[in-house]
Amino acid sequence: MLRLDSVSRYFGDHHVLDRISLTVPDGQLLCVVGPSGCGKSTLLRAVAGLLPAQRGTITVDGTPVTGVPDRLAVVFQEYGRSLLPWLTVRDNVALPLRRRGLGRAARREAAEAILDRVGLPGAARRRPRELSGGMQQRVAIARALVCRPSLLLMDEPFGSLDARTREDLEDLLLEVHRDEGTTIVFVTHDIDESVYLGDRVVVLSPGPGSRIVRDLPVGLPAERDQIATRGLPGFVALRTEVGRAVRGDR
Amino acid sequence: MSRHREFLLGLLGALLAFGACEGVARAGVVRHSYLPPASDVLVRAVRLAGDRAFLDGVGVTLRAWALGLGLACLIAVPLGLLLGAVPVVEAAVRAIVEFLRPLPSVALIPLVSLLLGAGTGTEVTLIAYASLWPVLFNTVHGLGETDPLAKDTLRAFGFGRLAVLLRVELPGTAPFIAAGVRISAAIALILAVATELLSGFGDGLGIFIAQAQTAPDGTRDVLAGVVWAGVLGLVVNGVLVGAERRLFAWSHERPDGGGPTARGREGERA
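Here goes a summary of the coordinates provided.

How each quantity is defined
All residue numbers refer to positions counted from 1 along the written sequence of the respective chain. Note on labels: chains are lettered from A, ligands numbered from 1, in written order. At least 70 in pLDDT is required for a residue's local features to be given in this predicted model, at least 80 for side-chain atom pairs to be given and counted, and no such filter applies to totals for whole chains, interfaces and linings, which use all residues. Secondary structure elements follow DSSP: runs of H or I no shorter than four residues count as helices, runs of E no shorter than two count as strands, and numbering proceeds from the N terminus. We call two residues in contact when their backbone-placed C-beta atoms lie within 7 Å. Any two strands with at least two DSSP-identified bridges between them are counted as paired. Every axis corresponds to a line fitted to the C-alpha atoms, with the helix fit spanning only the stretch in contact, and the corresponding angles, defined between N-to-C directions, vary from 0 to 180 degrees. Side-chain classes are defined by residue name, with Ala, Val, Leu, Ile, Met, Phe, Trp, Tyr, Cys and Pro counting as nonpolar, Asp, Glu, Lys and Arg as charged, and the others, Gly among them, as polar. The nonpolar core is taken to be a set of buried Ala, Val, Leu, Ile, Met, Phe, Trp, Tyr and Cys residues joined by way of C-beta atoms within 7 Å. Backbone-placed C-beta atoms define the burial measure: a residue is buried with 20 or more other C-beta atoms within 10 Å of its own, exposed with 12 or fewer, and partly exposed in between. When describing relative orientation, an angle under 35 degrees is termed roughly parallel and one over 145 degrees roughly antiparallel, while 65 to 115 degrees is termed roughly perpendicular and anything else oblique. Rotating anticlockwise by less than a right angle from the far helix to the near helix defines a left-handed crossing, while the corresponding clockwise rotation defines a right-handed one. Every helix has an expected span of 1.5 Å times one less than the residues it contains. Each residue is assigned a bend, namely the angle between axes fitted to the seven residues that terminate at it and the seven residues that start at it.

This brings us to the environment of Val-112 of chain B. Residue and element names in this part refer to chain B. Counting through the fold element by element, Val-112 comes out in helix H5 (residues 109–116). The spacing of Val-112 and Thr-122 is 10 residues in sequence and 6.0 Å in space, taken between C-alpha atoms. The residues touching Val-112, leaving out its near neighbours within four places in the chain, are Thr-122, Thr-125 and Leu-126.

Below you can see the structure in the form of structure tokens.
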């Protein structure tokens, strides 16, 4: 369980996050949505232990986050910068396993299995920059999943992909979430995406001093479909509500 | 421009320069002993390839070159990583570095000869000193260019500071270091020949040139030695460029389009 208790963050005089309190139960897929520059990424980095929260506390399974929590994985939007270009796809994916004390053969085997899982069989020996953007982001997702994280943080992971690729990867994520039961915090500025993916959507107000302005459960059927789900009255109603909240309308 | 075309143009330029030198000498504009025809110099340079004593001398020069350059890398890369990774250390040594860096290495030849005596020790020390800087600065600069997002990603996977340095920053900096080594390789060659020339002891390409100076009609031999020095530099540079292309192919497909560039103009002052 991830718990944020009155978390605030400043950069110099700039007030970014204002007393954010949030509890994410195990296995939930939480979407955090808000306008650009509202501190979504800062929130995610604080949870990842990459930026210390200056006020308030963050705990993962009861342990306060001081450094990077155990069994954490992240996926950033900029796959091109977060994958290591000098390593093969397989070695990129196997990298987090180095901290698990696995031998080279076991690491490679696990990496190839997870590459299959994300729909990239046969890409193992290529280098990230030989692949398309969508494929590179699949590699980044495989790398995040390879050590079976208990908490997966995603910072606008599909923001720079074309519509079709994005839909494919959204469905891949839902599938992985259903199979593995990983707790996922998914940051996006795309309202439709947040409603389509989330079990729950949290809306942040625009900065400075972002607060949580809405916390909505998504009551849609667990089985989602890019066409059918988006046509459901429940989807449309929720999208409207989230959209209003993001725009700051009451 | 294609590499083929580039090569042909380079060849054309070289031939024109050769022809000009040949023409000036043959036309009798200057005395033969002052500027021998380019073809004479070239023939002499080629003949030297069969001269056992000369080749031994070149071997001595190349050995000092390799030792000095290797020593420079062994010092400069770890030092660069330290300076780049720990800002406190960088701030503490900045003044010393800025004092030492503009000193022309060639001016240190008499001093080091005095301290270490005439021998390989002096030559290697001077080469190492002069070729330290490009490698050092490129290492520090390359570290600064490492993508913070790649570092954050590894940190989020639980890797510590040292692991991030070795797994992200060092490999990411490698193309910059290699470019620094390439610049240093030329500087090292300059220093090797210059040290031999000025100190005038032992064997080596510089010694060959120094001794040819005093021989009657020695201009041709001096120039032939210079041709050898130039060709050595060309070959070394070509090998290093080729190695960089092979090893760091990934860095030439950067998303931002630009590969690492060598920094500084170290070659001009040595």
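Let's pick the thread back up.
Let's shift gears to the sheet that holds strand E9 (residues 200–204) of chain A. All names here are of chain A. The 6 strands are arranged E6-E7-E8-E3-E9-E10 in an open sheet whose pairing can be described as mixed. Each edge of the sheet is formed by a strand with only one pairing partner; in this case those strands are strand E6 (72–75) and strand E10 (212–217). Strand after strand, the sheet turns through a mean of 15 degrees between neighbouring axes, direction not considered. Relative to the sheet, helix H5 (residues 133–145) contacts E6 and strand E7 (151–155), its axis offset from that of E6 by approximately 175 degrees. Helix-sheet contacts for helix H9 (residues 233–247) involve strand E3 (29–33), E9 and E10, and the interaxial angle to E10 is about 170 degrees.

Contact residues are listed per partner, giving 19 residues for chain A and 15 residues for chain B. Residue assignment for the side of chain A that touches chain B shows that the elements contributing at least two residues are E6 and helix H2 (79–82) of chain A. Its residues placed into classes, the side of chain A that touches chain B shows 11 nonpolar, 2 polar and 6 charged.

The subject of this paragraph is the environment of Arg-247 of chain A. Following the sequence through the fold, Arg-247 of chain A ends up in helix H9. Along the chain, Arg-247 of chain A and Pro-221 of chain A lie 26 residues apart, while their C-alpha atoms are 27 Å from each other.

What follows is about the nonpolar core. Val-47, Ala-142, Val-146, Leu-153 and Val-185 of chain A are the most contacted members of the largest nonpolar core, which has 80 residues in total. Per element, the largest residue contribution to this core is 6 residues, and it comes from H5 of chain A. Residues within four places of Val-185 of chain A in sequence aside, it is in contact with Val-24, Leu-30, Val-32, Leu-44, Val-47 and Leu-153 of chain A. Counting 50 residues, the second-largest nonpolar core is a separate cluster that includes Ala-38, Val-60, Val-124 and Ala-186 of chain B.

All right, on to the packing of helix H7 (residues 148–156) of chain B against helix H8 (residues 161–199) of chain B then. All names here are of chain B. Closest axis-to-axis distance for the H7/H8 pair is 10 Å, and the angle between their directions is 140 degrees. One element, H7, and the other, H8, form an angle in the oblique class. Judged by the sense of rotation from one axis to the other, the crossing of H7 with H8 is right-handed. Taking contact as the criterion, the partners of Ala-150, Lys-151, Leu-154 and Arg-155 in H7 are, on H8, Val-164, Arg-167 and Val-168. Counted by class, the contact of H7 with H8 contains 4 nonpolar, no polar and 3 charged residues.

Okay, helix H6 (residues 120–145) of chain B next. All names here are of chain B. The first and last C-alpha atoms of H6 sit 37 Å apart over 26 residues, in line with the 38 Å expected at 1.5 Å per residue. A bend of about 35 degrees at Leu-132 is the largest found in H6, and the proline Pro-134 appears one to four places after it. Among the 26 residues of H6, 21 are classified as buried, and the element is accordingly described as predominantly covered.

Another point: the pairing of strand E8 (residues 183–188) of chain A. On any regular strand, side chains alternate: one points to one face of the sheet, the next to the other face. Residue and element names in this part refer to chain A. Of all 6 residues in E8, 6 are buried, a share of seventy percent or more. By the alternation rule, side chains of E8 split into Thr-183, Val-185 and Val-187 and Ile-184, Phe-186 and Thr-188, which are all buried. Pairing of E3 with E8 involves 5 bridges; the strand directions are parallel. Paired with Cys-31 across the bridge in E8 is Phe-186. Two elements, E7 and E8, share 5 bridges in a ladder whose sense is parallel. Looking at E8, one finds that Met-154 is bridged to Phe-186.

Another aspect to go through is the sheet that holds strand E4 (residues 55–60) of chain A. Residue and element names in this part refer to chain A. Across the sheet, 4 strands lie side by side as E2-E1-E4-E5; this open sheet has antiparallel pairing. Two strands close off the open sheet at either side, each with one partner strand: strand E2 (14–24) and strand E5 (63–64). Examined bridge by bridge, strand E1 (residues 2–11) and E2 share 7 bridges and lie antiparallel to one another. Residue pairing in the sheet places Val-7 in a bridge with Ile-20 of E2.

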